[in-house]
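The lines below spell out each chain.
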Amino acid sequence: MKTYCVAFIGCGRIASLHAGGYKANPQCKVVALTDVKEEAATAFAAKHEFGDAVLYTDYKKMLRQAKPDIVSICLWTGLHAQVVKDCAAAGVQAIHCEKPMAASWKDALAMAKAARKAGVQLTFNHQRRKLPAFQAARTLVKEGAIGKLLRIESFNPMNILDWGTHVVDMTFKMNGDVPVTRVLGQIDVRQGGSWFGLPYEQSAIGWLTFANGVTAVIQSGEQKEMSLGFRLHGTEGDIEILDAEPHLRIRRKGRSTWQAVKVKGNLHDAGDVHMKAVMRDITDGLSKGRKLELSVDHALRATEVIYAWFESALQRQTVELPLKPTSTTYLTVATASGAKSR
Ligand SMILES: NC(=O)c1ccc[n+]([C@@H]2O[C@H](COP(=O)([O-])OP(=O)(O)OC[C@H]3O[C@@H](n4cnc5c(N)ncnc54)[C@H](O)[C@@H]3O)[C@@H](O)[C@H]2O)c1
């Protein structure tokens, strides 16, 4: 069994989620930890018992000296593009980067291109795809439990770039990752804020049309019906995926009552199940050439919808995909709220 050397760039909060996945994967050995704050890397090494890992404050030096096979990038969004490009150029085999992809559609496309050119396996941490609630819901849809899927209603807790990337990504999953052809969106920028260094809007609503005719409406931010959740409407019934219990339920056509479906965990966490699956996919992708659910191709689809949503709000018209590689729309629209980056 081949063992892969793993390095971290960024040892903050979300890095701990990645750490759990690597620790559960016998093919992974964490060899390097990088953080501009030395104390963050030291504390991270102690917390996860990565005593053998070498600590760095400069990721370029780490790439040169540690020569890792796999790199987890756990940095704020605005840093993702450059660091992904540097890791690809340094010859790593796999990059697992935090979501959202990047602070512009142009940067997201550039990251994908750099990885393709260098032959690097690039994935993004849309880890919710691996949670049992979402997997069971997709299986029900796939097996025809609600007949033909017609319409999806999705509810996103807050901003569409950061949190919304999970919700858009999951909306894609529910419809079998069929491409979106058009996006109509509006956003409310009256009282935005700042999230991981980027400005965001207060509320938003987006209407997506998929190539198979399914439509989705996503309510986001403050003005919405529920916190996080999904309603899937089909010709033979409905499915709900809910933040509150039961996390998954189905109502078959002609029945007035919902039937709960038992799943492990909730819509955020399922013990070590989901991150274990994410890291197993990463090593399986390398050793078995398996196609990955968290691939850059899937991440690009969600990212394209998000930037098309901002573009639509700015242009006040429906945006047909593929989206042109315009780069400034998001910041133009979001900063109209007057939000300041922290
Ligand atoms: N997948 C998820 O569900 C999920 C959940 C929360 C956050 N996130 C994403 O994770 C990313 C990071 O969030 P976080 O909460 O871990 O942030 P954080 O602030 O806790 O951690 C970031 C770390 O990066 C370090 N850092 C900054 N610049 C660096 C550099 N150039 N080189 C090395 N280290 C550097 C900081 O010192 C800090 O320790 C964000 O993009 C966020 O959107 C994802």
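Residues numbered from 1 in each chain as written. Predicted model: local features only at pLDDT ≥ 70, side-chain atom pairs only at ≥ 80, totals over all residues.

**Q** Any details on the sheet that holds strand β17 (residues 319–320)? Residues and values, ideally.
**A** Spatially, the nine strands line up as an open sheet ordered β16-β15-β14-β13-β7-β12-β11-β8-β17, and their pairing is mixed. Each of the sheet's edge strands pairs with one partner strand only, and the pair in question is β16 (259–260) and β17. Judged from the seven bridges that link them, strand β11 (residues 203–210) and strand β12 (residues 215–221) form a sheet pairing that is antiparallel. Across the sheet, residue Trp207 finds its bridge partner in β12, namely Val217. Seen against the sheet, helix α7 (residues 164–174) touches β7 (149–156), β12 and β13 (229–234) and runs at an angle of roughly 165 degrees to β7. (Pairing = 2+ DSSP bridges. Helix = DSSP H or I, 4+ residues; strand = E, 2+ residues; numbered from the N terminus. Contact = placed C-beta atoms within 7 Å. Axes fitted to C-alpha atoms, helices over the stretch in contact; angles between N-to-C directions.)

**Q** Provide a residue-level description of the domain arrangement of the protein, including the pertinent values.
**A** A common way to state how big an interface is: give the accessible area lost once the parts meet. Once the domains are mapped, the protein shows domain 1 (4–127 + 272–295) and domain 2 (129–268 + 301–337). The C-alpha-based centres of domain 1 and domain 2 are spaced at 26 Å. With 20 residues of domain 1 in contact, the opposing surface of domain 2 contributes 22 residues. Mapped onto the side of domain 1 that touches domain 2, the elements with two or more residues apiece are α4 (77–89), α5 (105–118) and α8 (273–288). For the side of domain 1 that touches domain 2, a count of residues per class yields eleven nonpolar, six polar and three charged. (Domains from an automatic or database assignment. Nonpolar A, V, L, I, M, F, W, Y, C, P; charged D, E, K, R; others polar.)

**Q** Could you give an account of the site of the ligand, naming the residues involved and the relevant values?
**A** Taken together, 24 residues are adjacent to the ligand, and Gly10, Gly12, Arg13, Ile14 and Glu98 come closest. A per-class count over the shell around the ligand returns twelve nonpolar, six polar and six charged. (Near = placed C-beta within 6 Å.)

**Q** Residues and numbers for the sheet that holds strand β3 (residues 54–56), please.
**A** Spatially, the six strands line up as an open sheet ordered β3-β2-β1-β4-β5-β6, and their pairing is parallel. With partners counted over all chains shown, the strands left at the sheet margins are β3 and β6 (121–124), one partner each. Direction aside, the axes of adjacent strands within the sheet are offset by 20 degrees on average. Both strand β5 (residues 94–97) and β6 contribute to a ladder of four bridges, which runs parallel. Residue pairing in the sheet places Ala94 in a bridge with Gln121 of β6. The sheet strands contacting α4 are β1 (4–9), β4 (70–73), β5 and β6, and the helix crosses β5 at an angle near 170 degrees. The strands touched by α8 are β1, β2 (28–34), β4, β5 and β6; relative to β5, the strand with the most contacts, the crossing angle is about 155 degrees.

**Q** Go over the packing of α5 against helix α9 (residues 296–315), please, and point to the residues and values.
**A** The packing of two helices is summarised by the inter-axis angle and the distance between the axes. Put simply, α5 and α9 touch, their axes get as near as 10 Å, and they point 165 degrees apart. Accordingly, the angle class assigned to the pair α5 and α9 is roughly antiparallel. Like other packed secondary-structure pairs, α5 and α9 cross with a definite hand, here left-handed. Together, Trp105, Ala108, Ala112 and Ala115 of α5 and Val296, Leu300, Thr303, Glu304 and Tyr307 of α9 make up the contact between the two elements. Its residues assigned to classes, the contact of α5 with α9 comprises seven nonpolar, one polar and one charged. (Parallel < 35°, antiparallel > 145°, perpendicular 65-115°, else oblique. Left-handed = near helix turned anticlockwise from the far one by under 90°.)

**Q** Please set out the nonpolar core residue by residue, giving values where relevant.
**A** Ranked by internal contacts, the top residues of the largest apolar core, which has 107 residues, are Val84 and Ile95. At ten residues, α9 tops the list of elements feeding residues into this core. Residues lining this core come from more than one domain, with at least three contributed by each of domain 1 (4–127 + 272–295) and domain 2 (129–268 + 301–337). Residues within four places of Ile95 in sequence aside, it is in contact with Val71, Ile73, Val84, Cys87, Ala88, Ala115, Val120 and Leu122. (Core = buried A, V, L, I, M, F, W, Y, C linked by C-beta atoms within 7 Å. Buried ≥ 20, exposed ≤ 12 C-beta atoms within 10 Å, placed from the backbone.)

**Q** Just give me the short version of α9, but keep the residues and values in it.
**A** Between the first and last C-alpha of α9 there are 27 Å, a value that for 20 residues agrees with the 28 Å anticipated at 1.5 Å per step. Summarising burial for α9: 14 of the 20 residues are buried, a large majority. Arg316 sits one or two positions beyond α9 and adopts a positive phi of about 55 degrees. (Expected span 1.5 Å × (residues − 1).)

**Q** How would you explain the pairing of strand β14 (residues 237–242) if you had to name every residue and give the values?
**A** With six bridges connecting them, β13 and β14 associate as antiparallel partners. Residue pairing across strands places Arg231 opposite Glu240, the latter belonging to β14. In this antiparallel pair of consecutive strands, β13 and β14, the connection spans two residues. Note: β14 against strand β15 (residues 248–252), five bridges, orientation antiparallel. Note that in β15 the partner of Ile239 across the bridge is Ile250. A loop of five residues connects β14 with β15, the two strands running antiparallel in sequence.

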